[in-house]
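Next come the chains, spelled out residue by residue.
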Amino acid sequence: MSFDDKVVIVTGAAQSIGKAAAVEFAKQGAVVYCLDLQSSVSETANLITAEGGRAEFQRLDVTDQAGWYDLLERVRSERSKLDILVNCAGFVQKGSIEDTSYEEFQRSFDVNVGGVFKSMRAAVPLMRVRSKEQGLATIINLSSMAAFNGMPMYSAYGASKAAVWSLTRTAALEFARLKYPVRVNAIHPATIDTEMTRAVMRMSIQSGEDEETIVQQMIAQHPSGRLGSVEDVVFAIMYLADERSSFTTGFSLTVAGGRGAGEW
Ligand SMILES: NC(=O)c1ccc[n+]([C@@H]2O[C@H](COP(=O)([O-])OP(=O)(O)OC[C@H]3O[C@@H](n4cnc5c(N)ncnc54)[C@H](O)[C@@H]3O)[C@@H](O)[C@H]2O)c1
């Protein structure tokens, strides 16, 4: 795959899936704007430039609409276009419905779906201004298998990811109806071996569960017999970003080792 001279924004780029996606886009020739709440996002950009790639970084809370507009103004003045937006930033909250405050519930929505909404509001005005030769711009939103099924103890996370799924399909149809050259797709990973999953494991260990048992239980949920890797998800992102998938919009791509395919 080649993303030569494509301009890409990746949120959640300080670690795990977002970081690996940013590095891969840069390897394939793109200019990557790496965004994250954490200041360590600079390390992702430094890693890319040390390997001869092109990257910029900015600390941005994806819930900050004014910050998004400022960033898009920067991209417009530096690159005059935006080809690919990947919304990886996400936040997981564990707790029963009784123990989760409404403020905590709301925070998951603010970050996981509000961040996606605000990114699109800011990015689409630039993404839709492009010549025929430039092909379609593309937005990829990280939802989750949690969007499709109940997830006990993770009500806020599951509901927010279901909202990302819905928002993705609406955006795809709306932009098509408006004749915008922008497609929008979602990726639904099952359990991927990342910092987020390790944080979830730590929460379970704190509530008295044994680490080995947790890992085995997680693996057992996946017919493929393993957890997903960051590379599994990055390849799905690359597929949806590639112009050769230009007939794909409003689609939900599961990266789930067979999870959700049926009775298991
Ligand atoms: N890891 C999994 O098993 C899994 C499964 C399904 C879906 N996902 C989704 O994939 C995406 C990436 O997951 P991951 O495992 O790489 O997560 P991660 O927690 O390892 O990384 C997420 C990144 O998002 C950043 N972030 C969080 N809140 C932010 C905010 N308000 N503004 C800007 N940045 C913010 C974090 O600082 C972090 O760098 C997330 O949306 C997640 O919900 C992950």
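Shown above is the structure to which this text applies.
This write-up is about the structure you can find in this document.

1. Concerning the site of the ligand
Now for step 1: Around the ligand sit 29 residues, and of these S16, D36, Y157, I192 and T194 come closest.
Now for step 2: Contact between the ligand and A190: an oxygen atom at 3.3 Å from a main-chain N or O atom of the residue.
Now for step 3: Within the backbone of M196, an N or O atom sits 3.3 Å from an oxygen atom of the ligand.
Now for step 4: In the complex, the protein chains occlude 94% of the 820 Å² of accessible area that the ligand would expose alone.
Now for step 5: The set of elements that each furnish at least two residues to the shell around the ligand consists of α1 (16–27), α4 (102–127), α5 (155–177) and α6 (195–206).

2. Considerations on the pattern of salt bridges
Now for step 1: Tallying each qualifying case throughout the model produces 13 salt bridges.
Now for step 2: The salt bridge partner of R54 is D5, with a shortest N-O separation of 2.8 Å. Residue R54 is found in strand β3 (residues 54–59), and its partner D5 is found in the segment before β1 (7–11); the two are separated by 49 residues along the sequence.
Now for step 3: Here E243 ties to K6 by a salt bridge, and the two come within 2.4 Å at their closest N and O atoms. Remark: K6 occurs in the segment before β1 and E243 occurs in the loop between α8 (230–241) and β7 (252–255); sequence separation between them is 237 residues.

3. Comments concerning the packing of helix α3 (residues 65–79) against α4
Now for step 1: Across the interface, α3 lies against α4 with an axial gap of 9 Å and an inter-helix angle of 30°. One finds that α3 runs roughly parallel with respect to α4. Here the hand of the crossing between α3 and α4 comes out right-handed. Residues Q65, W68, Y69, L72, V75 and R76 of α3 form the contact with α4, whose participating residues are G115, K118, S119, R121, A122, A123 and L126.
Now for step 2: The residue makeup of the contact of α3 with α4, split by class, is seven nonpolar, three polar and three charged.

4. Quick notes on the packing of aromatic side chains
Now for step 1: Following the criterion strictly, the structure yields five aromatic pairs and no others.
Now for step 2: Relative to F25, the ring of F3 has its centre 5.0 Å away and its plane inclined at 75°; by these criteria the two rings are edge-to-face. One end of the pair, F3, is in the segment before β1; the other, F25, is in helix α1, and 22 residues separate them in sequence. This pair shows no difference in class: F3 is buried, exactly as F25 is.
Now for step 3: Their ring planes at 85° and their centres at 4.7 Å tell us that F148 and W165 sit as a pair that is edge-to-face. Of this pair, F148 sits in the loop between β5 (137–142) and α5 while W165 sits in helix α5, and the two are 17 residues apart along the sequence.
Now for step 4: Classification of F148 by relative accessible area gives partly exposed; the value is 30%.
Now for step 5: Relative accessible area serves as the criterion here: at 23%, W165 is assigned to the partly exposed category.
Now for step 6: In textbook terms, an aromatic cluster arises when at least three aromatic residues are bridged by ring pairs, as seen for Y102, F105 and F109.

5. Some thoughts on the pairing of strand β4 (residues 84–87)
Now for step 1: Alternating positions in β4 separate into two faces, I84 and V86 on one and L85 and N87 on the other, with burial throughout.
Now for step 2: Two elements, β1 and β4, share three bridges in a ladder whose sense is parallel. Bridge pairing links V8 to I84 in β4.
Now for step 3: The parallel pair β4 and β5, bridged by α4, forms a crossover whose chirality is right-handed.

6. Details of the environment of N185
Now for step 1: Relative to the helices and strands, N185 resides in strand β6 (residues 182–189).
Now for step 2: Placed 55 residues apart in sequence, N185 and L240 show a C-alpha to C-alpha distance of 7.3 Å.
Now for step 3: With sequence-adjacent residues up to four places away left out, N185 is seen in contact with I139, I140, N141, T168, L240, T248, T249, G250 and F251.
Now for step 4: In this structure the side chain of N185 is engaged in a polar contact, spanning 3.2 Å, whose partner is the backbone nitrogen of G250.

The rules behind the values
Residues numbered from 1 in each chain as written. Predicted model: local features only at pLDDT ≥ 70, side-chain atom pairs only at ≥ 80, totals over all residues. Heavy atoms only, no water. Near = heavy atom within 4 Å. Polar contact = N/O pair within 3.5 Å; in protein donor to acceptor, adjacent residues only side chain to side chain. Areas by Shrake-Rupley, 256 points an atom, 1.4 Å probe, with all protein chains shown as cover. Helix = DSSP H or I, 4+ residues; strand = E, 2+ residues; numbered from the N terminus. Salt bridge = Lys/Arg side-chain N within 4 Å of Asp/Glu carboxyl O. Axes fitted to C-alpha atoms, helices over the stretch in contact; angles between N-to-C directions. Parallel < 35°, antiparallel > 145°, perpendicular 65-115°, else oblique. Left-handed = near helix turned anticlockwise from the far one by under 90°. Contact = heavy atoms within 4.5 Å. Nonpolar A, V, L, I, M, F, W, Y, C, P; charged D, E, K, R; others polar. Phe/Tyr/Trp six-rings, centres within 6.5 Å; stacked < 30°, edge-to-face > 60°. Buried < 20%, exposed > 50% of the residue type's maximum accessible area, 1.4 Å probe, protein only. Pairing = 2+ DSSP bridges. Right-handed = clockwise from strand over helix to strand, strands pointing away.

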